[in-house]
Amino acid sequence: VARNLLIYRYNHLSKAIENACKLGFTKGAALYPMVTMNGEECHNEWEITFEEIHRNGAIAYAIYDFIRYTNDHSYLLEYGLEVLIGIARFWAQRVSWSSPKNAFVILGVTGPNEYENNVNNNWYTNYIAQWCLNYTLKSIELIQNENPEKLKYIYEITNFEISEIKKWNDIIENIYLPEDKSLGIFLQQEGYMDKEQQLVETLDQNQRPINQNWSWDRILRSCFIKQADVLQGLYFFEDQFDESCIERNFNFYEPRTVHESSLSPCVHAILAAKLGKIDKAYEMYLRTARLDLDNYNNDTEDGLHITSMAGTWLSVIKGFAGMRIKDTFLHFSPLLPPQWNSISFNVRFRNNNITIYFNNELLKITNVLGPVIDIYVNNTKFTTSEKSTTVINIDKAVFH
């Protein structure tokens, strides 16, 4: 299913190039739509259609994530590199050079936080643009090593020029990533600290959700955040940041987030669990699991939130179970909410069907179907044969 969804993206590549062309981009640059039926942009709000361009990065990340979980590089060879080249070309044309900053900047965007429009240098957007360029170059290198004839063919059909690589490397090395060094945090965007800094706990509950009680003028001038923004980037790329960095940013941004998006609570639940903040993780889990049941944001009359349903699974599996892929291996870092006695779930990983069970004392790995597999629990490796169960004393597994 995941592969077919990515092939769907490939099938819409020509429309993504057409969408970018309408905005003045050239030479095969691709901008995927925010909303579509046939690949054409069908969304009519300029601050989203033209400015919420980080969606391009999410498509590249989906390719990366699919390959990371499946270890299947054939998609990259057959379809994915062409998509990545189109997206990379978009970023290379969307940046501009700032002489005062002596860096490449990205101006006039809406980041993941949709309570900010037309901002400059949204950290998440700049970071994922840098990452996309770098991942595309690594993908080119991979295919060059595995199938140089295929790479030559892709170069021909995309009219790729080697000079593009030099340009992309220049952007990677010199893109501007805003931060507040005194606080040790990444800035959501330039000027964020100019806003009056308030915490969500100070808001009158009668004013919630603010998108139904405040004017857009007031929302846009406030410091309040609709959903994970900087924290979305730290969730995607957590291995590139140390835990103290993630914690500083979490402690700063979460208290300013109103979570008035179905996309928000699960990301915060996962990061909170990673940081050992079990009470906050469980609070965010409940918010994503019960979003429609309790009508938190007073909007279920418009329909149910599929993203929140997916977020419930993510909160349990990536949050409380701490499931990750690191260096091609499956990892778990279990953290059981005190409200629960145990957690059990099934996961398919490559050629294995696996059942995971854990409580406060032990974790069981059952290799239901598939070859011998190495799985890490709290960074300690355990080997499980087919149709066998490995029982692990959690206290004896090194926690990291």
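Residues numbered from 1 in each chain as written. Predicted model: local features only at pLDDT ≥ 70, side-chain atom pairs only at ≥ 80, totals over all residues. Heavy atoms only, no water.

> I tried to follow the overall build of the protein on my own but got confused; where do I start?
Each helix and strand counted, the protein has 14 helices and twelve strands in total. For 400 residues, the compact-globule estimate of 2.2 N^0.38 gives 21 Å, and the protein sits close to it at 22 Å. By principal-axis analysis of the C-alpha atoms, the protein measures approximately 60 × 60 × 45 Å. When the 400 residues of the protein are sorted by exposure, 52% land in the buried category. In the protein, the share of contacts with a sequence separation of at least 24, taken over all contacts with a separation of at least 6, comes to 60%. As displayed, the protein has an accessible area near 18,700 Å², and 49% of this comes from carbon and sulfur atoms. Here the protein contributes 37 positive and 49 negative side-chain charges, whose respective centroids are spaced 4 Å apart. (Helix = DSSP H or I, 4+ residues; strand = E, 2+ residues; numbered from the N terminus. Rg over C-alpha atoms; globule rule 2.2 N^0.38 Å. Buried < 20%, exposed > 50% of the residue type's maximum accessible area, 1.4 Å probe, protein only. Contact = heavy atoms within 4.5 Å. Areas by Shrake-Rupley, 256 points an atom, 1.4 Å probe, with all protein chains shown as cover. Lys, Arg positive; Asp, Glu negative; His and termini not counted. Charge placed at Lys NZ, Arg CZ, Asp CG, Glu CD.)

> Even after reading the chapter, I still don't get the sheet that holds strand β12 (residues 389-393), so can you show me in this structure?
As summarised here, the arrangement of the four strands in space is β7-β8-β9-β12, forming an open sheet in which the pairing is antiparallel. One side of each edge strand has no neighbouring strand; the edge strands of this open sheet are β7 (343-349) and β12. On average, each strand axis in the sheet is inclined to that of its neighbour by 20°, with strand direction left out of account. Note: strand β8 (residues 352-358) against strand β9 (residues 362-369), six bridges, orientation antiparallel. Bridging from a neighbouring strand, Ile-356 pairs with Ile-365 of β9. (Pairing = 2+ DSSP bridges. Axes fitted to C-alpha atoms, helices over the stretch in contact; angles between N-to-C directions.)

> Can you help me understand the sheet that holds strand β5 (residues 324-326) in this one?
Spatial strand order, β5-β6-β10-β11: four strands in an open sheet with mixed pairing. With one partner strand each, in any of the chains shown, β5 and β11 (380-384) form the two edges of the open sheet. Neighbouring strand axes in the sheet, compared pairwise and without regard to direction, differ in orientation by 35° on average. By the bridge criterion, three bridges tie strand β6 (residues 329-332) to strand β10 (residues 373-377) in an arrangement that is parallel. Along β10, the bridge assignment pairs Phe-332 with Val-377.

> What exactly am I supposed to notice about the side chain of Glu-254 here?
Locating Glu-254 in the fold gives a position in the loop between α11 (243-253) and α12 (264-274). With relative accessibility at 8%, the residue Glu-254 sits in the buried group. Within the local environment of Glu-254, its side chain forms a polar contact with the side chain of Lys-280, the two groups lying 3.3 Å apart. Apart from the residues within four sequence positions on either side, Glu-254 is in contact with Leu-231, His-259, His-268, Lys-280 and Met-284. (Polar contact = N/O pair within 3.5 Å; in protein donor to acceptor, adjacent residues only side chain to side chain.)

> Is there a simple way to explain empty space enclosed by the protein in this structure?
Sizing a probe to match a water molecule and rolling it over the atoms shows the empty space that remains. Summed over all chains, the structure comprises one cavity of 30 Å³ or more. Put simply, the largest cavity is a space of about 40 Å³. Forming the boundary of the largest cavity are Gln-188, Ile-225, Gln-227, Ala-228, Asp-229, Val-230, Leu-231, Tyr-253, Thr-257 and His-268. Across the lining of the largest cavity, the residue classes break down as five nonpolar, four polar and one charged. (1 Å grid on protein atoms, 1.4 Å probe; cavity = no way out; pocket = protein on both sides within 12 Å on 5 of 7 lines; lining within 4 Å. Points joined across faces, edges and corners; volume = space filled by probe spheres on them. Nonpolar A, V, L, I, M, F, W, Y, C, P; charged D, E, K, R; others polar.)

> Any chance you could explain α11 here in plain terms?
Along an α-helix, residues three or four positions apart point the same way, because every turn accommodates 3.6 residues. What α11 keeps buried is the set Cys-245, Ile-246, Asn-249, Phe-250, Phe-252 and Tyr-253. Burial along α11 is one-sided: seen end-on, the buried residues are contained in an arc of 165°. As for α11, its buried residues are in contact with β4 (185-186), α10 (230-236), α12 and α13 (278-289). (Arc of directions from axis to C-beta.)

> Teacher, can you tell me more about the environment of Asn-174 here?
Examined against the element boundaries, Asn-174 turns out to sit in helix α8 (residues 163-174). Residue classification places Asn-174 among the partly exposed residues on the basis of a relative accessible area of 26%. For the pair Asn-174 and Lys-101, spaced 73 residues apart in the sequence, the C-alpha separation amounts to 9.9 Å. The contact partners of Asn-174, leaving out residues within four places of it in the chain, are Trp-97, Ala-103 and Phe-104. A polar side-chain atom of Asn-174 sits 2.8 Å from a polar atom in the side chain of Asp-170.

So yeah, pure geometry; function would need other evidence.
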